[in-house]
Amino acid sequence: MSEIERVTDEPCAPRVVFIGLASCFGCQINITNIEKHLLQVLGQIELGYWQLTSSEPMPDAFDVAVIEGAVTTEEAAETVRRARERAGCVIAIGACAATGGIPGMAAGDIAGH
């Protein structure tokens, strides 16, 4: 039984946020290119924040953080640390989020802090 189920005694959709850091946002845009499957997924999650679709601020509470883009500033590093503290699961999508990509090479060792 997941944390969500224990609180409500009923299964509920995981709250998901998409966090974009230094990148071209190509990986996030590619998610929208899988239209057929995207609607199925969106029916199974609560999309709490996705800066490509809303100007609302990111909520404080969520279960899954999907991160795209490289950590190139201390502010971005703090965003990732806060996301990791709040989320039960963090998913890095794309080369920039997983390894720093080209933006990470330009930023030096900020990700090591």
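All figures in this text were calculated on a predicted structure; none of them were measured in a lab.

Take the overall build of the protein next. For the protein, the helix and strand inventory stands at 6 helices and 4 strands. When the 113 residues of the protein are sorted by exposure, 29% land in the buried category. Across the protein, every contact between residues at least 6 apart in sequence was considered, and the portion connecting residues at least 24 apart equals 76%. Accessible surface for the protein amounts to roughly 7100 Å². Of this, 57% is attributable to carbon and sulfur atoms.

On to the pattern of salt bridges, then. A complete count under the given rule lists 4 salt bridges for this structure. Between D63 and R15 there is a salt bridge, and its shortest N-O distance comes to 3.0 Å. One end of the pair, D63, is in the loop between β2 (46-50) and β3 (64-68); the other, R15, is in strand β1 (residues 15-20), with 48 residues separating them in the sequence. Residue classification places D63 among the buried positions, given a relative accessible area of 15%. A salt bridge links E78 to R81; the shortest N-O distance between them is 3.3 Å. In this pair, E78 and R81 both sit in helix α4 (residues 74-86), 3 residues apart, roughly one turn of the helix. Within this structure, E74, E78 and R81 form a network of salt bridges that share partners.

Before going further, it helps to spend a moment on the nonpolar core. Counting residues in each nonpolar core, the largest one holds 10 residues, listed as V17, I19, L21, Y49, F62, A65, I67, A76, A83 and A87. Those elements giving two or more residues to this core turn out to be β1, β3 and α4. For A76, the residues in contact, after removing those within four places along its chain, are L21 and V71. Of all hydrophobic cores here, the second largest spans 9 residues; its members include V16, I31, L38 and V64.

Right, let's talk about α4 for a bit. In this model α4 runs 18 Å from its N-terminal to its C-terminal C-alpha over 13 residues, within 8% of the 18 Å that 1.5 Å per residue would give. Here α4 has its buried residues at A76, A77, T79 and A83. End-on view of α4: buried residues confined to an arc of 155°, all on one side of the axis. Opposite the buried face of α4, at more than 90 degrees from it, the exposed residues are E75 and E85.

Within the element layout of this structure, S54 appears in the loop between β2 and β3. A polar atom in the side chain of S54 sits 3.0 Å from the backbone nitrogen of E56.

Definitions and cut-offs
- Sequence order as written defines the numbering, with residues in each chain counted from 1.
- Since the coordinates come from a predicted model, pLDDT governs what is reported: local features require at least 70, and pairs of side-chain atoms require 80 or more to be given and counted, while whole-chain, interface and lining totals use all residues.
- To get the side-chain values, take all heavy atoms of the structure and skip hydrogens and water.
- Segments assigned H or I by DSSP are reported as helices when at least four residues long, segments assigned E as strands when at least two residues long, and all are numbered from the N terminus.
- Note on exposure labels: buried denotes an accessible area under 20% of the residue type's maximum, exposed denotes more than 50%, and partly exposed covers the range between, all computed with a 1.4 Å probe on protein chains only.
- We call two residues in contact whenever any of their non-hydrogen atoms come within 4.5 Å of each other.
- With residues, only the protein chains shown are counted as cover, and all accessible areas are computed by Shrake-Rupley using a 1.4 Å probe.
- Think of a salt bridge as a Lys or Arg side-chain nitrogen and an Asp or Glu carboxyl oxygen that are within 4 Å of each other.
- What makes a nonpolar core is a set of buried Ala, Val, Leu, Ile, Met, Phe, Trp, Tyr and Cys residues whose side-chain atoms join them at distances within 4.5 Å.
- Helix span is expected to be 1.5 Å times the residue number reduced by one.
- What the arc measures is the spread of directions leading from the helix axis to the C-beta atoms.
- Counting of polar contacts relies on pairs of N or O atoms within 3.5 Å, with two restrictions inside protein: one atom must be capable of donating a hydrogen and the other of accepting it, and residues adjacent in sequence are counted only when both atoms are side-chain atoms.

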